[in-house]
Every structure is written in C-alpha cells, then in structure tokens.
Amino acid sequence: MSIQASLTITGGQLLLPDGTVTPGAVRCEGGFITAVGAGVVPQKGDTVHDAAGRIVAPGLVDIGVFAIDKPAFHFGGITRAALMPDQNPPLDVPARVRFAAQSGKPDFWVHPLAAATQGLEGTSLAEIAMMRDAGARAVATGRRWIGDSGTMLRLLQYTGMLGMIVIAHAEDAGIVGNAVATAGEMATRLGLPSAPAQAEALAIARDITLAEMASAAIHFRNVTTAAGLDLVRAAKARGLHVTAGISPAYFMLSDLAIGAFRTFTHLSPALRCEEDRKAVVTAIKDGTIDVITSGHDPRGPEDKRLPFSDSAPGMAGAETLLPLTLNLVRDGVIDIGRAFALLSTNPSRLLGVNAGRLAVGAEADIAVIDPERPWIVNSDKMAAAAGNTPFDRQPVQGRVLALFKGGMAVRRSNSG
Amino acid sequence: MTPPEYTYPEGALAFPHRGLVGIAGLAPHEIWFLLDEAEQWVEMNRGAQKRRELLSGLTIINAFFENSTRTLLSFEIAGKRLGADVVNMAVATSSVKKGETLIDTAMTLNSMRADAIVIRHASSGAVQLIADKVDCPVLNAGDGQHEHPTQALLDALTIRHAKRAFNGLRVTICGDILHSRVARSNILCLNSLGAEVRVCAPPALMPADIERMNVTVFHDFDEALKGADVVMMLRLQMERMEGQFIPSPREYRHLYGLTLDRLARAEPDALVMHPGPMNRGVEIDSNVADHIERSLITRQVEMGVAIRMACLDVLTRKGRGMEGWA
C-alpha cells in the first residue's frame, strides 16, 4: 500500500454537487476528499496547489470509449472511462475484464464494460456475473444491437437480477445494413449507402419495452434523433430506468459535414439531419439526456484514409469533450453545474463509482479548469493516439490546467 | 440554337478544372464546351483515318478497380486515337488484391508519371480521394453510386444530336436509381442544361430526398412516360443489392420493363437510351432496344469515345504546355 501525501487545492472556484460555484479549497487525504469549502486551509505537510481562481471540478467520467488512450484522456480532464467491450479480442470473458480493469492504474481508472453476448455476436449470453466480479461495472451490446428480441429480453432479465445496467447501441441492424450515412439529400447526392434515421427509434422502442418487461435498467449510449429522444423522454416520465447519452458531434454537426467525403465525419450512428441536431440540444437542456461521452475511438490512416464507406467509423473525442460541452454553456443551453452533471456526476452514478463530485468521502479525482481559455484543435498535434477529429482547425474554449487522480497530480504531456 | 447560358469564354477559361470528378461543380457552359469539343472527334471517328497525334508521348493510365468492359474499352480507344500511350491496370492481377491501400496504389501510379489517370472504383468518393493525392489530372470513370460524369456527357451529346433543344425536354430515367451513379450524373447534367427530369423506380430503389435534386419522382412507370421525349432505362444492379429489393426480375418487368406498348405512352417521337449493359427482357424488351428509329443505344456508345477524347484532350492541355489551362 502506497503512502499518499495529502493535498490541498486552494484559491479555486469550487463546482459543488448541487451545481453551484463558490470560492474555496478542497483537501484530500489517502486518495479521498476530506474537506470541501470556504473555510478549508492546507494542513502541515500538505502538497498545496493554487488554483488561482480557476474552476475546481470533479474529473470527467467517460461512458463508452473504444480505446485506452491515457494522454488524450488526461489532456481532456478525464479520470475514468468505461471501456467498450469491442476490443480485439472482445471483453467477453472474466480474465480480459480483469486485465482491462487494471490497465490504467494508478493515474487513470478503466471501468470495463462486459460484452452482453459471446463475441458480441448477439446470440449467446456471455458470463456476465463472473465478469462483474472481475471488475465489469456494466454490460454493453457493443457497436451493434442485439437483433434477436428473445435474446435481448433474457439479457435484460439477467442484468436486472444482477443489478447491472445494460448500455445499448440503438439502431435496428436490419434497416441499417451496411449504411454509412443517414438517408437524406446529402447521402443521396454523395451516393453513399444510407439508412433512415428511424432505425434508431425502432430499436429504442423495442428495448424500452423489453427493459420494462424485465424491470431492468438500460442506457442508450447515443440517442441522436428527435424520435428516439421522444421515446426516452416518455419512458422517463413513466418512471422507467432509462437513461441516454450523447457525443458532442451530434449536437455540433449535422450530415452536411460529410459533404466532402471526409472520413473523420464517418461516425456510428451516422450524423443526422439539422432538425435532429436541434432536438439533441433540446434534450440536453430539458434533462432527457443524462450523459455526454467522448466515444473516444482513435483511428489512424489505415482505417481512415480510405473511401468513406470503406473507412472505420469513430472519432478521437477525448480532448474535445470538455470544450465542446462548454459551448453549450456559452450558448446558454445549460449552466456549468449541469455540464458537470452530464460529464461527471451522472456517469459516475450510472457506473456506481464513488467519484464525480466534490464531496467529502468521494475519491479525489479533480480537474482544475479554465473554461474560457481559447485553443485551436489540430489533428496533427493531438495527445490522442490518432487525430481523427471532425473538429480539426476549429477554435474552441476550455482547457484543463491540472488534473488529480486519487489526490495525486497526473503528469500530462502536451498540456501547454 | 445556343442559349446564352451555354456561351463559354474564349480560350482556357472555357474549362478551368484540373480534373473531371463529377458533373456537380460544372457550369452549364462548361458542359456545353466539352460537348462542342467532342464534335470534331465524332467527325473524325466516322472517317477512315481515326488517329491524330495530339497526345503523342503522353501516358494515360486506366486504373479500373471495378470490372468494366465497355467503359474501359472506350477510354482505351479514346486515348489511342489521340496518340497517347494507354496502359490498363487490371484489378484482378494488381497488388490491390494483396492488401495494398488505395492511396498507396495511387501514389505508385503517380510516381510512374502518368499524364492522366482514369479511375473506376466501387466506393463513392474514391476518385476524389485519389485526385487529392496525385499530381496529374484525374478522370472519374465511375465511383460507387456517386458519379459517372463521362456517361452523362455522352448521353447529353447523344440527345443534342437527336433533339432540337434541352430546354423543356422531358427526360424520364427509370430503373435502379438508388444504386446508379449514371442516374445521379445525368440528373445533374440534364438539369444544368435545362431539361425536365423525372425519375421512376419502386420505393426501395429510390434514394431518399431525391426530389431535392430537382427531379419529379414517379413510382408508376406509365405515368412517368406520359409526355416524355427521352426515356433512359437503367439495369437492376443486383451486385450492389444487400437484401431483397424486388420480388423477381419477371415481376420487375411487369411494372417497369420498357415494352413497345409502354413506349407508346411517351411522345410519338420519344427516344430510348440505355447506358448498358442491358438485361434484355427485364428492364427493356429487345424490340425496343433494337428499334431503328427510336433507340439511341448504339449511338451512345459511339458518342462515348468522342466525349472521352474531348475530356482527355482538354484536361491534358496544361501538361502539354498550353498557356492558361488548369
């Protein structure tokens, strides 16, 4: 057991669990927060970090990333991430889950998501309870949905019994097929294989029904359409355990962005029309969406320097997660308290981890942030393993100045 | 006969593009310029002396990543009749089969100092991807379901020879619109020249929001034929279909096959076109395809060589040291 020095972060604007911002300090001992507030002062022997009037917030918790890419996560202020089971080989046996759960420590915590089905093939249930005991915090269907409704029902009955949440990909695969774009004028002009956006609502309607039958909790990793969000909104109103996430690309971009066959805009689900983009913003504002996630999926030229429909979907999103979410704050859609509920508090609660809030007793995962600091996204100079961002050359605001995991300062590269 | 929007500037400004990736982005007068340029080659190709040493010493590579007979042959003949050295890269024997990426293949062709590269590829956008990486002009010979610009140009040239004007001309395109790059390029080209374009297909073979490309959508072929001056038939692209789109070819013919009876619903002097290859007895009956007065199908093939000669000539002008050309 290592001896952790105590830490006091002074002179900050504390972002408290109730969403308010107030001047004060945070003291951490043994990896946990032991005092928060205006009257907190450093004790003898403490390491002192002067926040110099910046925002002191809980570290970001990212539900649903595809790669462990510490430099990118640290750049983005992310201290924990739930790793999708879509690895090679998939996280469908306890040993791989156990290995993944250890892979980031000590300065980054990986929460593996257990594959719902063996090989993520959607047919036979995986050993979910054993994977839970090996460290899996939740179950995920992967990039695909489970097409067989009987299998999905039995999965939800099982996870309901185990008290685990299922993180689902919401697109009816029969309709989506090999589509790489949303059906509409842009896909038609480009001649790209496309599928109607309603594939999402169909999948969500089925899965909500099944989750209700099984009394299970379900989280849709990305809900990107007005129709899908309406279903989630209605399910929540009925008191079901239904939650929804979104990646910034879906509130920042519409399918106009695929115009020049730019494969960095090839995402899964595909970018939607402008009306759907607006519906996502509304859903973030009204609370239908619970979580904002990076969906971090760094892909090099071998996956992206290809014709659009031959390229792999996904974007490197860890570094832009915070600044793009802060766009919503600057635009008056949400306040900064709600931003951190979406980025940190809610995902922690969904994963059942003792983090995501500046409160006594929580693990000392803390980010010091300048929400106004401007910088320009540059895909050639990213901390991530690859620079596949659709926001290349875009000016953004909001930068992490210091990051602490379990009360220890995280060494970050490329933090200038 | 030439409307003002077709009037192009003198000299190099007539076509300020480095390559031909699509009809999208071409002004009406630029299309008209290419059609005019092709006329001399139509003339020459009909004579006994079919060769002019215009591109002598130039190397043209036909890189066909997707199987083709007629388009490849047409480009090869076009290049050779202009005196160029034409090399065909056959995909079956190439390193593409060995896992080489498209970009690596493109860079290899570029390093061999081609003066023009003609590309066909099964993925939409692939030709643009290559065009962005190589130094020489790139001609799109068909990319996925995106564009096939020389087909649209040769169709326009064929219509120009057979009809009085594009303005007010009603063209019905019927068939597998969803999977057709020919349809997309023709919609853009014919609209640009002032024709009225109708598209006809069952819903499963009609792309979403196609009416935003300024076409009228029909599912009933008989309705789509009423008043049509030109009928363009497309084949079912079974090789691109994932899942079942129509019950059977026989059933498809029942609703969408162009028979002599159906053709009678169009204008009395309506002309029939087909980009080939035809599936006789499915989308078109033999007695329509072979109709001496009504079918332009063999004429299309003839115009194809002339159009491709014009494109190769215009796009290599800069490389041949001609002042001002892009």
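This structure is a prediction, so every number in the text was calculated from the model and none was measured. (Residues numbered from 1 in each chain as written. Chains lettered and ligands numbered in written order. Predicted model: local features only at pLDDT ≥ 70, side-chain atom pairs only at ≥ 80, totals over all residues. Heavy atoms only, no water.)

## Structural notes on the overall build of chain A
- Helices and strands together make up the secondary structure of chain A, namely 13 helices and 18 strands.
- A globule of 416 residues ought to have a C-alpha radius of gyration of about 22 Å, and chain A, at 21 Å, matches this closely.
- With respect to the principal axes defined by its C-alpha atoms, chain A has extents near 65 × 45 × 40 Å.
- Within chain A, counting contacts between residues at least 6 apart in sequence, those at least 24 apart form 70% of the total. (Helix = DSSP H or I, 4+ residues; strand = E, 2+ residues; numbered from the N terminus. Rg over C-alpha atoms; globule rule 2.2 N^0.38 Å. Contact = heavy atoms within 4.5 Å.)

## Let's talk about the nonpolar core
- In this structure, Leu156, Phe220, Ile284 and Phe340 of chain A are the most contacted members of the largest nonpolar core, which totals 102 residues.
- Of the residues forming this core, the biggest block, six residues, is contributed by helix 7 (residues 198–214) of chain A.
- Once residues lying within four places of it in the same chain are set aside, the contact partners of Phe220 of chain A are Ala168, Ala170, Ile204, Asp207, Ile208, Val232, Val242, Thr243, Ala244 and Gly245 of chain A.
- If you look at the next biggest cluster of nonpolar residues, it comprises 97 residues, including Phe15, Met44, Val215 and Val314 of chain B. (Core = buried A, V, L, I, M, F, W, Y, C linked by side-chain atoms within 4.5 Å. Buried < 20%, exposed > 50% of the residue type's maximum accessible area, 1.4 Å probe, protein only.)

## Examining the packing of helix 5 (residues 149–162) of chain B against helix 6 (residues 181–192) of chain B
Residues and elements named next belong to chain B.
- Packing of helix 5 against helix 6 brings their axes to within 8 Å, and their N-to-C directions diverge by 50°. Judged on the interaxial angle alone, helix 6 and helix 5 are oblique. The way helix 5 lies across helix 6 gives a crossing that is right-handed. Listed contacts from helix 6 to Pro149, Gln151, Ala152, Asp155, Ala156 and Ile159 of helix 5 are Val182, Ser185, Asn186, Cys189 and Leu190. (Axes fitted to C-alpha atoms, helices over the stretch in contact; angles between N-to-C directions. Parallel < 35°, antiparallel > 145°, perpendicular 65-115°, else oblique. Left-handed = near helix turned anticlockwise from the far one by under 90°.)

## A word on the UniProt feature "binding site: L-aspartate" (unreviewed entry) in chain B
All names here are of chain B.
- Look at the UniProt record and you will see "binding site: L-aspartate" (unreviewed entry) annotated at Lys98, Arg181 and Arg235.
- Looking at where Arg181 falls in the secondary structure, it is placed in helix 6.
- In contact with Arg181, not counting residues within four places along its chain, are Glu66, Arg120, His121, Gly142, Asp143, Gly144, Gln145, His146, Glu147, His148 and Arg240.
- In terms of polar contacts, Arg181 uses its side chain to reach the backbone carbonyl oxygen of Gly144, at 3.1 Å. (UniProt positions renumbered as here; feature names shortened; annotations may be inferred. Polar contact = N/O pair within 3.5 Å; in protein donor to acceptor, adjacent residues only side chain to side chain.)

## Remarks on the UniProt feature "domain: Aspartate/ornithine carbamoyltransferase Asp/Orn-binding" (unreviewed entry) in chain B
- UniProt tags residues 168–314 of chain B as "domain: Aspartate/ornithine carbamoyltransferase Asp/Orn-binding" (unreviewed entry).
- Taken end to end, residues 168–314 of chain B is 35% helix and 14% strand, and its first and last C-alpha atoms sit 29 Å apart.

## Let's talk about the sheet that holds strand 13 (residues 218–220) of chain A
All names here are of chain A.
- Spatial ordering of the open sheet is given by 6-7-8-9-10-13-14-15, a layout of eight strands whose pairing is parallel. Of all the strands in the sheet, just strand 6 (60–65) and strand 15 (291–292) have a single pairing partner and so form its edges.
- In the sheet, strand 9 (residues 138–140) pairs with strand 10 (residues 166–168) via two bridges, with the strands oriented parallel. Looking at strand 10, one finds that Val139 is bridged to Val166.
- This element, helix 7, spans strand 10, strand 13 and strand 14 (242–246) of the sheet and lies at about 165° to strand 13.
- Packed onto the sheet, helix 13 (residues 336–351) meets strand 6, strand 7 (78–83), strand 8 (109–115), strand 9, strand 13, strand 14 and strand 15 and runs at close to 65° relative to strand 6. (Pairing = 2+ DSSP bridges.)

## As for the environment of Arg411 of chain A
Residues and elements named next belong to chain A.
- The topology assignment puts Arg411 in the segment after strand 18 (408–409).
- By relative accessible area, Arg411 is classed as exposed at 80%.
- As for Arg411 and Asp50, which are separated by 361 residues in sequence, their C-alpha atoms are 17 Å apart.

## Concerning the interface of chain B and chain A
- Across the contact, 20 residues belong to chain B and 17 residues belong to chain A.
- Of the roughly 1,600 Å² buried between chain B and chain A, counting both surfaces, carbon and sulfur atoms make up 57%.
- When residues of chain B are sorted by the area they lose upon contact with chain A, Ser124, Ala208 and Glu242 of chain B head the list and together hold 25% of the total.
- Applying the counting criterion to the chain B and chain A interface returns one salt bridge. (Buried area = accessible area lost by both parts, 1.4 Å probe. Salt bridge = Lys/Arg side-chain N within 4 Å of Asp/Glu carboxyl O.)

## As for the side chain of Thr8 of chain A
Residues and elements named next belong to chain A.
- If you trace the backbone, Thr8 turns up in strand 1 (residues 7–15).
- Engagement of the side chain of Thr8 in a polar contact is seen with the side chain of Asp46, the distance being 2.6 Å.
- Ignoring sequence-local partners within four residues, the contact set of Thr8 consists of Ala25, Val26, Arg27, Val41, Pro42, Gln43, Asp46, Thr47, Val48 and His49.

## Thoughts on the pattern of salt bridges
Residue and element names in this part refer to chain A.
- All chains considered together, the criterion is met by 43 salt bridges over all chains.
- Put simply, Glu185 and Arg189 hold a salt bridge, and the shortest N to O gap is 2.9 Å. Here Glu185 and its partner Arg189 are both found in helix 6 (residues 185–190), four residues apart, which amounts to about one turn of the helix.
- Arg233 serves as the salt-bridge partner of Asp286, at 2.9 Å between the closest nitrogen and oxygen. Here the residue Asp286 occupies a position in helix 10 (residues 274–286), and Arg233 occupies one in helix 8 (residues 226–237), the gap between them amounting to 53 residues.
- Note on Asp286: relative accessible area 42%, which makes it partly exposed.
- You can call Arg233 partly exposed: its relative accessible area is 28%.
- One connected set of salt bridges, linked through shared partners, spans Arg80, Glu363, Asp365 and Lys405.

## Some words on helix 13 of chain A
Residue and element names in this part refer to chain A.
- Taking 1.5 Å per residue, 16 residues should reach 22 Å; helix 13 reaches 22 Å between its end C-alpha atoms and fits that length.
- Its maximal kink placed at Leu342, helix 13 deviates by approximately 45°.
- Where burial is concerned, most of helix 13 is hidden: 13 out of the 16 residues are buried.
- For helix 13, the N-terminal cap is Asp335; the gap from its side-chain oxygen to the backbone nitrogen of Gly337 is 3.2 Å. (Expected span 1.5 Å × (residues − 1). Bend = angle between axes of the 7 residues up to and from the residue.)

## Section: the pairing of strand 17 (residues 395–405) of chain A
Residue and element names in this part refer to chain A.
- With respect to burial, strand 17 is a largely interior element, eight of its eleven residues being buried.
- Across eight bridges, the pairing between strand 16 (residues 366–376) and strand 17 is antiparallel. Looking at the pairing, Ala367 lines up with Leu403 of strand 17.
- By the bridge criterion, two bridges tie strand 17 to strand 18 in an arrangement that is antiparallel. Bridging across to strand 18, Phe404 finds its partner in Ala409.
- In textbook terms, the turn of a hairpin is the stretch between consecutive antiparallel strands, and for strand 17 and strand 18 this stretch comprises two residues, one of which, Gly406, has a positive phi near 60°.

## A look at empty space enclosed by the protein
Residue and element names in this part refer to chain A.
- Tallied over the entire structure, the rule returns four cavities of 30 Å³ or more.
- Volume-wise, the largest cavity comes out at about 150 Å³.
- Lining the largest cavity we find 15 residues, and of these Arg221, Tyr250, Ser268, Gly295 and Gly314 sit closest to its centre.
- Counted by class, the lining of the largest cavity contains six nonpolar, six polar and three charged residues. (1 Å grid on protein atoms, 1.4 Å probe; cavity = no way out; pocket = protein on both sides within 12 Å on 5 of 7 lines; lining within 4 Å. Points joined across faces, edges and corners; volume = space filled by probe spheres on them. Nonpolar A, V, L, I, M, F, W, Y, C, P; charged D, E, K, R; others polar.)

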